[in-house]
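Tertiary structure, described
Here is what each chain is made of, one letter per residue.
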Amino acid sequence: MKSSLSNKLKERSEGNCELCATNAATCAFAVSPKSNDVIENEVALCDTCVALVESGEPNDHWQCLAGSIWNTEPSVQALSYRLLYAQKDKEWANEILTSVELDETVVTWAESAFAVAAQHLDSNGTPLENGDTIVLTQQLNVKGASFMAPKGTIVRKIRLVPDNAEQIEGKINGDTIVILTKFVKKSV
Ligand SMILES: [Zn+2]
């Protein structure tokens, strides 16, 4: 996230963009998932670099990262690595990536931007999607409800619980309840 340039960060970067080192730094950019609370999470950027970072598009401008990846600040290393990794199919980008050996924590930080969200899978490992119909593979005791859903109950139009790949929501007897994915089978 973009924030204003603090005096401390200005001092660390000597007023220059920490990626291209050519233009004057105009803002502080926090490398996700970290935030702008400490300058150790931030990189001082110029207008050009911040616009390109925010666009997320691959760009040959990033050949400048051949210099910034050697910066001693982990935040600068992580952002440089992340931008290069996004276009590692380009020879020059791949060359820079393989020329450095960064700390494992920096690489993990950089690559966290590419982590794929966990998938919802049924008891057979089949991917589930919103709107699917499933069958219960075992009896379900519904908490807070006055009924039990027997094995074989069909639940239509399920919803995936976004932040928990082990849970879906579905309507049984008119009540929307949370069901564990390991107790369901996708119906085709
Ligand atoms: Zn720059």
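This one's a predicted model, so the numbers in the text were calculated from it and none came from an experiment.

The rules behind each value
- Residues numbered from 1 in each chain as written.
- Predicted model: local features only at pLDDT ≥ 70, side-chain atom pairs only at ≥ 80, totals over all residues.
- Buried ≥ 20, exposed ≤ 12 C-beta atoms within 10 Å, placed from the backbone.
- Helix = DSSP H or I, 4+ residues; strand = E, 2+ residues; numbered from the N terminus.
- Arc of directions from axis to C-beta.
- Contact = placed C-beta atoms within 7 Å.
- pLDDT = per-residue confidence, 0-100.
- Pairing = 2+ DSSP bridges.

Turning to helix α6 (residues 104-111), a few remarks are in order. Listed as buried for α6 are V106, W109 and A110. For α6, the angular spread of the buried residues around the axis is 95 degrees, confining them to a single face. In α6, those exposed residues whose orientation departs by more than 90 degrees from the buried face are E104, T105 and T108. Elements that come into contact with the buried residues of α6 comprise α4 (74-85).

Another point: the confidence of the model for the chain. With 98% of its residues at a pLDDT of 70 or more, the chain shows a mean pLDDT of 93. Mean pLDDT in the chain bottoms out at strand β5 (residues 140-141), which sits at 84, and peaks at strand β3 (residues 42-45), which reaches 98.

Here we come to unusual backbone geometry. The linkage connecting S32 with the following residue, P33, adopts the cis geometry, with an omega of 5 degrees. Note that P33 resides in the loop between β2 (27-30) and β3. Phi at K157 takes a positive value of approximately 50 degrees, unusual for a residue other than glycine. Along the chain, K157 turns up in the loop between β7 (154-155) and β8 (159-160).

Across 2 bridges, the pairing between strand β1 (residues 2-3) and β2 is antiparallel. If you follow S3 over to β2, its bridge partner there is A28. The sheet contact formed by β2 and β3 spans 4 bridges and is antiparallel. Paired with A28 across the bridge in β3 is A44.

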